[in-house]
Amino acid sequence: MYIGVIQCVDVNNMLFRCFLCVQVHVLVKVMEQREKEKIMTRANKLMDKTVYAVSDKTASIMLTVWGDDVLVLDTWYSFTSVSVRLFNSKVLLTTTPITIRSPKSSSQPYHI
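Residues numbered from 1 in each chain as written. Predicted model: local features only at pLDDT ≥ 70, side-chain atom pairs only at ≥ 80, totals over all residues. Heavy atoms only, no water.

Secondary structure summary: the chain contains one helix and seven strands in total. Its helices and strands in sequence order give the chain the pattern β-α-β-β-β-β-β-β, from N to C terminus. Looking at the chain residue by residue over its 112 residues, the buried ones come to 42%. Sequence separation of 24 or more characterises 51% of the internal contacts of the chain that already satisfy a separation of 6 or more. Only carbon and sulfur atoms are counted for the fraction: they give 53% of the accessible area of the chain, which is about 6900 Å². (Helix = DSSP H or I, 4+ residues; strand = E, 2+ residues; numbered from the N terminus. Buried < 20%, exposed > 50% of the residue type's maximum accessible area, 1.4 Å probe, protein only. Contact = heavy atoms within 4.5 Å. Areas by Shrake-Rupley, 256 points an atom, 1.4 Å probe, with all protein chains shown as cover.)

This is how it looks when you write it as structure tokens:
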């Protein structure tokens, strides 16, 4: 399956235009940590899974972070190559093996 990459989108566009099975670049602020658990993946590998509520200037969305990355609350991050998925009838973001994250220092940075 081909997964396309969209250069940069805001959360509102993802929610209402429903870019599914694509990878996007986003700039979001971490609002809260929702859950953290260890999950057995389809590849039979035990991995940490942490779900965060994140938002940009347009809307909020859930972000699933795989692995041992820990995000700091109330911090802006730039994510490249996160996947847009539909899970339990909700659009969400999830990190991929090629996702790169970097914290941003500005209080409201709107450009990656």
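On to the side chain of Ser-83, then. As for its position among the elements, Ser-83 is in strand 5 (residues 76-87). For Ser-83, the side chain forms a polar contact with the side chain of Arg-85, separated by 3.1 Å. Sequence-distant contacts of Ser-83, defined by excluding residues within four places in its chain, comprise Val-22, Gln-23, Leu-92, Leu-93, Thr-94 and Thr-96. (Polar contact = N/O pair within 3.5 Å; in protein donor to acceptor, adjacent residues only side chain to side chain.)

Right, let's get into the nonpolar core. In terms of nonpolar packing, the biggest core is built from 17 residues, with Val-24, Val-26, Val-54, Leu-63, Leu-71, Phe-79 and Leu-93 touching the most fellow members. Of all the elements, strand 2 (residues 22-40) adds the most residues to this core, at five residues. With near-sequence residues (within four places) excluded, Phe-79 lies in contact with Val-24, His-25, Val-26, Val-28, Leu-63, Leu-71, Thr-99, Ile-100 and Arg-101. (Core = buried A, V, L, I, M, F, W, Y, C linked by side-chain atoms within 4.5 Å.)

Before going further, it helps to examine the environment of Thr-94. Checked against the element boundaries, Thr-94 lands in strand 6 (residues 90-94). Classification of Thr-94 by relative accessible area gives buried; the value is 12%. Counting along the chain gives 32 residues from Thr-94 to Met-62, while the straight-line C-alpha distance between them is 8.3 Å. At 2.9 Å, the side chain of Thr-94 and the side chain of Trp-66 are in polar contact.

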